[in-house]
Amino acid sequence: MNPELQTSQPQILQAIGLSTAELKAALEAVGVPATASSMRVRQLWNWIYVHGVRDFRAMTNLAKGFQEILETHFTVTRPEIVTEQISEDGTRKWLLRTGPGIEFETVYIPEEDRGTLCVSSQVGCTLNCRFCHTGTQALVRNLTPYEIVGQIMVARDALGDWPSTGEYRRITNVVMMGMGEPLYNFENVKAALAIVADGDGLALSRRRITLSTAGVVPMIHRAGEEIGSMLAISLHAARDEVRDVLVPLNKKYNIKELMQACRDYPGLSNARRITFEYVMLKGINDSLADARALVKLIGGIPAKINLIPFNPWPGSPYECSDWDQIEKFADVVNRAGYASPVRTPRGRDIMAACGQLKSESVKLRASARGAALVAAELPASLD
Ligand code: SAH
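Residues numbered from 1 in each chain as written. Predicted model: local features only at pLDDT ≥ 70, side-chain atom pairs only at ≥ 80, totals over all residues. Heavy atoms only, no water.

A.B. asks: Is there a simple way to think about the overall build of the protein in this case?
C.D. replies: Secondary structure assignment for the protein yields 12 helices and 13 strands. Sorting the 383 residues of the protein into buried and exposed places 56% on the buried side. In the protein, 66% of the contacts between residues at least 6 apart in sequence involve partners at least 24 apart. (Helix = DSSP H or I, 4+ residues; strand = E, 2+ residues; numbered from the N terminus. Buried < 20%, exposed > 50% of the residue type's maximum accessible area, 1.4 Å probe, protein only. Contact = heavy atoms within 4.5 Å.)

Right, here's the structure in full:
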């Protein structure tokens, strides 16, 4: 037999995104003794997630022999940065790639008291929300835990957000408000956020992680139980006739069922409120009667309401509400006792605002199938 056929290339495993149990098993599979593997996992996690080290040789407390094993069998390479854009308001957007046609975006929004990273969960989306440009892009595929955690690693690298490289803790909040529906990629999002929230991982408090859903009702309770992050709901209408059109998922899970899932969300309290996102569409959902219907609907739920000025896109069937109408709408909501900050659009000059990213990415790169992000703007208050 040709000897060349017998020597197969060793499989290189991406270590980022593996749970401690998966990493332990992977280490044992390449010869690390079971008696040492738990300690090795702790050491590795510390280098990878606490220090952001990208080279196994720089993991100085590991024996040379173990470093060699790691180099032979593992990698901690980040997703490739295709483009980075920086807005005049400081917002940064990265287009990342992990394979042919697998491109997704991440947006960093610095504010005075926090820095928020808006993370994608899918390439494309299945939901077809009428006001969302990304909704016109078919789902390419779910992102893996590596690709989700990798977005944060890339942003930390670029921001110098590691203990040894600069101003640590620039990313204080993570919102799953990028492209895709996180509850349609439940297992991968759960695995990724477990690493983000782990004190030995990226160590962000679950209170500083927000998962946004268009209303995948059967998964909401599980999200609370198993992920335990803050919850945001893309509500956008208080009546089924309107919501059926804006968010077609409403035909599957209507407002009543959605509200019940919100009321049942584990751990809900005044200190742990649900954020309701409401895009302001002229003549569609922005009347004062709509505002009253909205506050009635969420009555009794510890909640914040985020009013999002609609970002139009070429061919979009809607217009943004007039500013004074947004203010009147916000008044009704405020008087009912809800904080209702209006989201200030961020990063418009780099096309990083909600619903804008797809068009720009397609223009820049005709081949970019996955180059859209739904939201680059965030609830004004997430903690
Ligand atoms: N699929 C999830 C995660 C996306 S979050 C969800 O729907 O919650 C992105 C947010 O931006 C959602 O609230 C979405 O409805 C909103 N959005 C999408 N396109 C927009 C646009 N053109 N203008 C303003 N907000 C938009």
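A.B. asks: Please clarify how the sheet that holds strand β12 (residues 274–280) should be interpreted in this entry.
C.D. replies: Note: strands within a sheet are paired through backbone hydrogen bonds, in either parallel or antiparallel orientation. Strands sit in the order β3-β4-β5-β6-β9-β10-β11-β12-β13 across an open sheet of 9 strands; the sheet is mixed. Bordering the open sheet on either side are β3 (80–86) and β13 (303–309), each of which pairs with just one other strand. Between one strand axis and the next, the sheet turns by 20 degrees as a mean value, whatever way the strands run. Pairing of strand β4 (residues 92–99) with strand β5 (residues 102–110), which is carried by 7 bridges, proceeds in the antiparallel orientation. From the neighbouring strand, G99 faces β5, where its bridge partner is I102. (Pairing = 2+ DSSP bridges. Axes fitted to C-alpha atoms, helices over the stretch in contact; angles between N-to-C directions.)

A.B. asks: What is the right way to read the pattern of salt bridges from this model?
C.D. replies: If charged atoms from side chains of opposite charge come close, those side chains can pair. In total, this model carries 21 salt bridges according to the counting rule given. Here R141 ties to E147 by a salt bridge, and the two come within 2.8 Å at their closest N and O atoms. On the basis of relative accessible area, E147 is assigned to the buried category, the value being 3%. Ionic pairing is found between E241 and R239, a salt bridge with its closest N-O pair at 3.3 Å. Judged by its relative accessible area of 52%, E241 falls in the exposed class. Within this structure, E187, K190, R222 and E226 form a network of salt bridges that share partners. (Salt bridge = Lys/Arg side-chain N within 4 Å of Asp/Glu carboxyl O.)

A.B. asks: What exactly am I supposed to notice about the nonpolar core here?
C.D. replies: Buried together is how nonpolar side chains tend to be arranged in soluble globular proteins. Of all hydrophobic cores here, the largest spans 107 residues; its most connected members are F131 and F276. For this core, the leading source of residues is helix α5 (residues 145–159), giving 8 residues. Excluding anything up to four places from it in sequence, F276 contacts I233, L235, M259, C262, I298, I301, A303, K304, I305 and N306. Counting residues in hydrophobic clusters, the runner-up holds 6 residues, among them V107, V175, M177 and A232. (Core = buried A, V, L, I, M, F, W, Y, C linked by side-chain atoms within 4.5 Å.)

A.B. asks: Is there a simple way to think about unusual backbone geometry in this case?
C.D. replies: Across residues other than glycine, the phi torsion is negative in most instances, and most of the peptide bonds are trans. Despite not being glycine, N128 shows a phi value in the positive range, around 55 degrees. The residue N128 is located in the loop between β7 (122–123) and β8 (141–142) in this model.

A.B. asks: How should I be thinking about the state of the cysteines in this particular structure?
C.D. replies: Cysteine pairs can be covalently joined through their sulfur atoms, and such a bond is termed a disulfide. With the rule as written, the count across this model stands at 0 disulfides. Between C125, a free cysteine, and C129, which holds the nearest cysteine sulfur, the sulfur-to-sulfur gap is 6.5 Å. Using a relative accessible area of 9% as the deciding quantity, one classes C125 as buried. (Disulfide = S-S within 2.5 Å.)

A.B. asks: Please explain the site of the ligand as it appears in this structure.
C.D. replies: Around the ligand lies a shell of 23 residues, among which G180, S212, S234, H236 and N311 are the nearest. Within the contact set of the ligand, a nitrogen atom lies 3.1 Å away from a side-chain nitrogen or oxygen of E181. H236 is positioned with one of its side-chain polar atoms (N or O) 2.7 Å from an oxygen atom of the ligand. Its free accessible area being 550 Å², the ligand has 98% of it covered by the protein chains. Residue assignment for the shell around the ligand shows that the elements contributing at least two residues are β10 (209–213), β12 and β13. Of the residues assigned to the shell around the ligand, the class counts are 13 nonpolar, 8 polar and 2 charged. (Near = heavy atom within 4 Å. Polar contact = N/O pair within 3.5 Å; in protein donor to acceptor, adjacent residues only side chain to side chain. Areas by Shrake-Rupley, 256 points an atom, 1.4 Å probe, with all protein chains shown as cover. Nonpolar A, V, L, I, M, F, W, Y, C, P; charged D, E, K, R; others polar.)

A.B. asks: I tried to follow the pairing of β3 on my own but got confused; where do I start?
C.D. replies: The side chains of a regular strand alternate, residue by residue, between the two faces of the sheet. Two strands pair when backbone bridges link them, and β3 and β4 are joined in this way by 6 bridges, in the antiparallel orientation. Bridge assignment links E84 to a residue of β4, and that residue is W94. Connecting β3 to the next strand, β4, in antiparallel fashion are 5 residues, including G90 with a positive phi near 95 degrees.

A.B. asks: How should I be thinking about the pairing of β12 in this particular structure?
C.D. replies: Across the 7 residues that make up β12, a large majority, 7, are buried. Neither face of β12 is left uncovered, since the one carrying I274, F276, Y278 and M280 and the one carrying T275, E277 and V279 both have all their residues buried. Bridging between strand β11 (residues 230–234) and β12 involves 3 bridges; their strand directions are parallel. Bridge pairing in β12 links I233 to F276. Examined bridge by bridge, β12 and β13 share 7 bridges and lie parallel to one another.

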